[in-house]
Amino acid sequence: MTATLAPRADLPHSTDPALERAWSVLEAVPDPEIPVVSIRELGILRDVRRAADGVLEVVITPTYSGCPAMSQIAEDIGLALDAAGLTPHRIATVLAPAWTTDWITDDAREKLRAYGIAPPTGQCASGPAPGEQVIRFVPRPLAAPACPRCGSVHTERLAQFGSTACKALYRCLDCREPFDYFKPY
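Worth saying up front: this structure is predicted, and the values here are computed from it rather than measured. Residue positions are counted from 1 within each chain, in the order its sequence is given. Per-residue local features of the predicted model are confined to residues with pLDDT of at least 70, and side-chain atom pairs are confined, for both listing and counting, to 80 or more; whole-chain, interface and lining totals are unaffected and use all residues. The basis for every side-chain value is the complete set of heavy atoms in the structure, and neither hydrogens nor water enter the calculation.

Student: What is the right way to look at the side chain of Thr155 in this model?
Tutor: Assignment of secondary structure puts Thr155 in strand β5 (residues 155–159). Of note is the side chain of Thr155, whose polar atom sits 2.8 Å from the backbone oxygen of Pro145. Only DSSP runs of H or I reaching four residues or more are called helices, and only runs of E reaching two or more are called strands; each is numbered from the N terminus. For the purposes of these results, a polar contact is taken to be a pair of N or O atoms within 3.5 Å, where, inside protein, one atom must be able to donate a hydrogen and its partner to accept one; residues adjacent in sequence count only when each atom of the pair is a side-chain atom.

Here it is in structure tokens:
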């Protein structure tokens with residue numbers, strides 16, 4: 001299934017109370033790898049809609065194509081909808097346009113920082129056509145991320161991969177604390 005969906009900036013203005021309720025319920029579903037942010041705040045939750053057959057359909061996009069948390073995310077979505085009595089439902093995984101760290105909300109970036117993970121810096125997409133995101137396969141050189149504990153930009157990368165593949169391991173050279181950095185892409 002290929003669809004061009006923009007990440008939702010606001011709750012939808014729908015006349016279907018079940019859709020509005022589903023958005024509200026799913027707002028509370030945490031990311032299994034970073035439980036201080038929801039799947040909505042990370043931009044994984046793309047849409048909640050009625051399919052042609054009338055079934056409630058939740059559209060999600062993985063943070064990267066091999067994300068091992070997607071099956072857990074789908075299970076958590078199903079459990080949350082079931083607990084809210086929002087059945088029947090199904091989950092559709094959409095890969096295009098590809099997820100980008102640009103979709104992480106400002107609130108989520110602050111929550112990441114408070115949790116000890118440096119949020120991604122800069123923007124990955126620029127000049128997209130309407131409804132599309134530009135993906136760069138060669139990352140732009142970025143300044144070192146600020147330490148989420150002391151705020152120093154005097155940091156160094158220790159490893160390209162941190163606790164998960166979407167994060168790199170850094171160390172602050174001032175407070176000497178290691179931290180994950182959510183890689184921009």
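Student: Where do I start with the pattern of salt bridges in this structure?
Tutor: Any two side chains of opposite charge can pair, given that their charged atoms come close. Put simply, a salt bridge is a Lys or Arg side-chain nitrogen that is within 4 Å of an Asp or Glu carboxyl oxygen. Counting across every chain of the model gives nine salt bridges. Across the salt bridge formed by Arg113 and Glu110, the nearest N and O atoms sit 2.8 Å from each other. Note that Arg113 and Glu110 are positioned in helix α3 (residues 106–115) at a spacing of three residues, about one turn of the helix. Type-normalised accessible area, obtained with a 1.4 Å probe on protein chains alone, sets the label of each residue: buried when under 20%, exposed when over 50%, and partly exposed for intermediate values. In this structure Arg113 comes out as partly exposed when scored by relative accessible area, which is 33%. Here Glu156 and Arg171 are joined by a salt bridge, their closest N and O atoms 2.2 Å apart. Of this pair, Glu156 sits in strand β5 while Arg171 sits in strand β6 (residues 167–172), and the two are 15 residues apart along the sequence. Looking at Glu156, the relative accessible area reads 27%, which means it is partly exposed.

Student: Quick question: what am I supposed to make of the sheet that holds β6 here?
Tutor: Whenever strands of a sheet pair, they do so through backbone hydrogen bonds, lying parallel or antiparallel. The four strands are arranged β4-β7-β6-β5 in an open sheet whose pairing can be described as mixed. Strands at the two margins of the open sheet, each flanked by one partner only, are β4 (117–118) and β5. Strand pairing requires that DSSP identify at least two bridges connecting the strands. Across two bridges, the pairing between β4 and strand β7 (residues 178–182) is parallel. Bridged to Ala118 within β7 is Tyr181.

Student: What is the right way to read empty space enclosed by the protein from this model?
Tutor: Vacant regions in the atomic arrangement are exposed by a probe of water-molecule size rolled over the atoms. Points on a 1 Å grid over protein atoms alone make up a cavity when a 1.4 Å probe fits among them but cannot get out, and a pocket when they form an open set with protein on both sides within 12 Å along at least five of seven lines; lining residues each have an atom within 4 Å of a point. Grid points are joined across faces, edges and corners, and a volume is the space filled by probe spheres set on the points. Across all of its chains, the model carries one cavity of 30 Å³ or more by this definition. Estimated volume of the largest cavity: approximately 60 Å³. Taken together, Asp31, Glu33, Ile34, Leu42, Ile44, Thr63, Cys67, Ile73, Cys166 and Phe182 make up the full set of residues lining the largest cavity. A class-by-class count of the residues in the lining of the largest cavity yields seven nonpolar, one polar and two charged. For this classification, Asp, Glu, Lys and Arg are treated as charged, while Ala, Val, Leu, Ile, Met, Phe, Trp, Tyr, Cys and Pro are nonpolar and the rest, including Gly, are polar.

Student: Help me understand the sheet that holds strand β3 (residues 89–93) in this model?
Tutor: Within the open sheet, the three strands sit side by side as β1-β2-β3. Their pairing is mixed. The sheet terminates laterally at β1 (45–50) and β3, the two strands that pair on one side only. Averaged over all neighbouring strand pairs, the angle between strand axes comes to 20 degrees, with direction disregarded. Here five bridges tie strand β2 (residues 56–60) to β3, and the two strands are oriented parallel to one another. Of the residues in β3, the one forming a bridge with Val59 is Ala92. Whether two residues touch is decided by their heavy atoms; if any such pair falls within 4.5 Å, the residues are in contact. The angle between two axes is taken between their N-to-C directions and runs from 0 to 180 degrees, where each axis is a line fitted to C-alpha atoms and a helix contributes only its stretch in contact. The strands that helix α1 (residues 17–27) touches are β1 and β2; relative to β1, the one it contacts most, it runs at about 155 degrees.

Student: What should I look at first to understand the confidence of the model for the protein chain in this one?
Tutor: Keep in mind that low pLDDT regions are not for reading the predicted coordinates in detail. The predictor rates its confidence in each residue with pLDDT, a number between 0 and 100. Confidence in the prediction for the protein chain averages 86 pLDDT; 82% of positions are at 70 or higher. In this model residues 1–12 is a low-confidence stretch, pLDDT under 50, and it forms 28 contacts with partners more than four residues away in sequence or in other chains.

Student: Sorry, what's going on with the packing of α1 against helix α2 (residues 70–83) here?
Tutor: When two helices pack together, their arrangement is given by the angle between the helix axes and by the axis-to-axis distance. Interhelical geometry of α1 versus α2 gives an angle of 125 degrees and a closest axis separation of 10 Å. As judged from the angle between their axes, α1 and α2 are oblique. Two packed elements cross with a definite hand, and for α1 against α2 that hand is right-handed. Across the interface between the two elements, Ala22, Val25 and Leu26 of α1 pack against Ile77, Ala80 and Leu81 of α2. Among the residues forming the contact of α1 with α2, the class breakdown is six nonpolar, no polar and no charged. Angular relationships are summarised with four words: roughly parallel below 35 degrees, roughly antiparallel beyond 145, roughly perpendicular across 65 to 115, and oblique for the angles in between. By definition, any crossing whose near helix is turned counterclockwise from its far helix by less than a right angle is left-handed, and any crossing with a clockwise turn is right-handed.

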